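One letter stands for each residue in the lines below.
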Amino acid sequence: MTKPLIVKGLTKSYGSVSALEGLELEVEKGEIFGLLGHNGAGKTTGIECMLGIKRPDAGTVLLLGLDPASDRKRLFERVGVQFQETGYHDKIRVSEMCGMTQALYRDPADWRELLSTFGLTGLEKRTVSELSGGERQRLSVLLALIPKPEIVFLDELTTGLDSKARRDVWKYLEKLKAGGLTVLLTSHHMDEVEALCDQILILRRGRTVTRGTVRELVAQSPCETLEEAYLWYSGEEENKSESV
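Residues numbered from 1 in each chain as written. Predicted model: local features only at pLDDT ≥ 70, side-chain atom pairs only at ≥ 80, totals over all residues. Heavy atoms only, no water.

*Asks:* For this particular structure, what's the right way to read the pairing of strand β2 (residues 17-27)?
*Replies:* A regular strand places its side chains on the two faces of the sheet in alternate fashion. Judged from the seven bridges that link them, strand β1 (residues 5-14) and β2 form a sheet pairing that is antiparallel. Following the sheet pairing, valine 7 is matched in β2 by leucine 25. Taken together, β1 and the strand that follows it, β2, pair antiparallel across an intervening segment of two residues, in which glycine 15 is found at a positive phi of about 65°. (Pairing = 2+ DSSP bridges. Helix = DSSP H or I, 4+ residues; strand = E, 2+ residues; numbered from the N terminus.)

Okay, here's the thing in structure tokens:
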């Protein structure tokens, strides 16, 4: 059985700036994979190349056994995507956004049930401009799950959510994972990573510095917690010291 996501030697530069150098990863079916790194480390570039939104300078991507750049139509109903920065028309209502998204797919999930799962019931008639930041975030995750994807890409999954909402989203993802959903997520919340991720890869200035399970990454560092290990691997502690 082909793994849902296989990335080999992915490299991308913007002019003289190298954004990604030789990224390699494989994600198993039903696995939650964390792609970590500070802002500018290459996470977004990597995801955009994995989705076929941008063409890499070198390397290959197999997404559900297909080339995401040339097989985007075939992948459309099988892949869910939620970006941290998502532009919605301010005056569109929540129900309209959900209905329009649902209409794109042959066998979509019931968006009304998803509204309940994500604590958005009762907001159907509100426009996007009337939603709080956390409500918009939950809506973007909900929309990514409407197609009942085989794999979903989640960028900063629970940014702006309160503690209860975050844990509700985690529980729902765990339920979907048990049903075979594969997830690639980025996050700066190490409690989230520790709770959800089976495997982790940390990028630093476009290069892979380490990969493995939470336990392995902590054990291979001079640190005692994932939070400390992440700062050590990613260089964020150095960046903070330099900015003081």
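*Asks:* Looking at this structure, how should I read the pairing of strand β8 (residues 199-204)?
*Replies:* In this sheet, β8 lies alongside strand β3 (residues 32-36) in parallel orientation, the contact comprising four bridges. If you follow phenylalanine 33 over to β8, its bridge partner there is glutamine 199. Here β8 pairs with strand β9 (residues 207-212) via five bridges, running antiparallel. Within β9, the position partnered with isoleucine 202 by the bridge is threonine 210. Hairpin connection, β8 to β9: the antiparallel pair is bridged by two residues, and arginine 205 has positive phi, about 55°.

*Asks:* Help me understand the pattern of salt bridges in this model?
*Replies:* Opposite charge on two side chains lets them pair, provided their charged atoms get close. Overall, the coordinates contain 13 salt bridges when judged by the stated rule. We note a salt bridge from lysine 8 to glutamate 26, for which the minimum N-O separation is 3.1 Å. With lysine 8 in strand β1 and glutamate 26 in strand β2, this residue pair connects regions lying 18 residues apart in the sequence. Overall, the relative accessible area of 36% leaves lysine 8 in the partly exposed class. (Salt bridge = Lys/Arg side-chain N within 4 Å of Asp/Glu carboxyl O. Buried < 20%, exposed > 50% of the residue type's maximum accessible area, 1.4 Å probe, protein only.)

*Asks:* I would appreciate a short explanation of the packing of helix α3 (residues 94-102) against helix α5 (residues 133-145) in the present structure.
*Replies:* A pair of packed helices is captured by two measures, namely the crossing angle of their axes and the spacing between those axes. For the pair α3 and α5, interaxial distance at closest approach is 10 Å and the crossing angle is 20°. Relative to α5, the element α3 is oriented roughly parallel. For the pair α3 and α5, the crossing hand works out as right-handed. On the side of α3, the interface is formed by Val94, Met97, Cys98 and Thr101, while α5 contributes Leu139, Leu142 and Leu143. Tallied by class, residues from the contact of α3 with α5 come to six nonpolar, one polar and no charged. (Axes fitted to C-alpha atoms, helices over the stretch in contact; angles between N-to-C directions. Parallel < 35°, antiparallel > 145°, perpendicular 65-115°, else oblique. Left-handed = near helix turned anticlockwise from the far one by under 90°. Contact = heavy atoms within 4.5 Å. Nonpolar A, V, L, I, M, F, W, Y, C, P; charged D, E, K, R; others polar.)

*Asks:* Explanation requested: the side chain of threonine 210 in the structure shown.
*Replies:* Positionally, threonine 210 belongs in strand β9. The class of threonine 210 is buried, set by a relative accessible area of 9%. With near-sequence residues (within four places) excluded, threonine 210 lies in contact with Ile200, Leu201, Ile202, Leu217, Gln220 and Tyr233.

*Asks:* Please clarify how the packing of aromatic side chains should be interpreted in this entry.
*Replies:* Aromatic ring pairs: the centre-centre distance and the angle between the two ring planes describe each pair. Counting across every chain of the model gives three aromatic pairs. Taking 5.0 Å as the distance between ring centres and 15° as the angle between the ring planes, the aromatic pair formed by phenylalanine 76 and tyrosine 105 counts as stacked. On the criterion of sequence distance, the pair formed by phenylalanine 76 in the loop between α2 (72-75) and β5 (79-82) and tyrosine 105 in the loop between α3 and α4 (111-117) is long-range, its members being 29 residues apart. Relative to tyrosine 172, the ring of phenylalanine 118 lies with its centre 5.5 Å away and its plane at 75°, an arrangement referred to as edge-to-face. Taken as a pair, phenylalanine 118 in the loop between α4 and α5 and tyrosine 172 in helix α6 (residues 163-178) lie far apart in primary sequence, 54 residues in all. As far as the burial class goes, phenylalanine 118 and tyrosine 172 line up, both buried. (Phe/Tyr/Trp six-rings, centres within 6.5 Å; stacked < 30°, edge-to-face > 60°.)

*Asks:* Honestly, the nonpolar core in this entry has me stumped. Any pointers?
*Replies:* Here is a general trend for soluble globular proteins: nonpolar side chains tend to be buried in one another's company. The biggest cluster of nonpolar side chains holds 50 residues, and the ones touching the most others in it are Phe118, Leu142, Leu154, Leu157, Val183 and Ile200. Residue contributions to this core peak at six residues, all from α5. When neighbours within four sequence positions are excluded, phenylalanine 118 is seen to be in contact with Arg138, Val141, Leu142, Leu145, Val169 and Tyr172. Counting residues in each nonpolar core, the second largest holds 25 residues, with Val7, Leu10, Leu23 and Leu203 among its members. (Core = buried A, V, L, I, M, F, W, Y, C linked by side-chain atoms within 4.5 Å.)

*Asks:* Is there a simple way to explain the confidence of the model for the protein in this structure?
*Replies:* In regions of low pLDDT, the predicted coordinates are not meant to be interpreted in detail. Residue-level pLDDT values for the protein average 90, and 94% of them are 70 or greater. Across residues 239-244, where pLDDT falls below 50, the model places two contacts with residues more than four positions away in sequence or in other chains. (pLDDT = per-residue confidence, 0-100.)

*Asks:* Please explain the sheet that holds strand β4 (residues 58-63) as it appears in this structure.
*Replies:* Whenever strands of a sheet pair, they do so through backbone hydrogen bonds, lying parallel or antiparallel. Pairing is antiparallel in the open sheet, where three strands are placed in the order β2-β1-β4. This sheet does not close on itself; its edge strands, each paired only once, are β2 and β4. When strand polarity is set aside, the average angle formed by the axes of neighbouring strands in this sheet is 20°.

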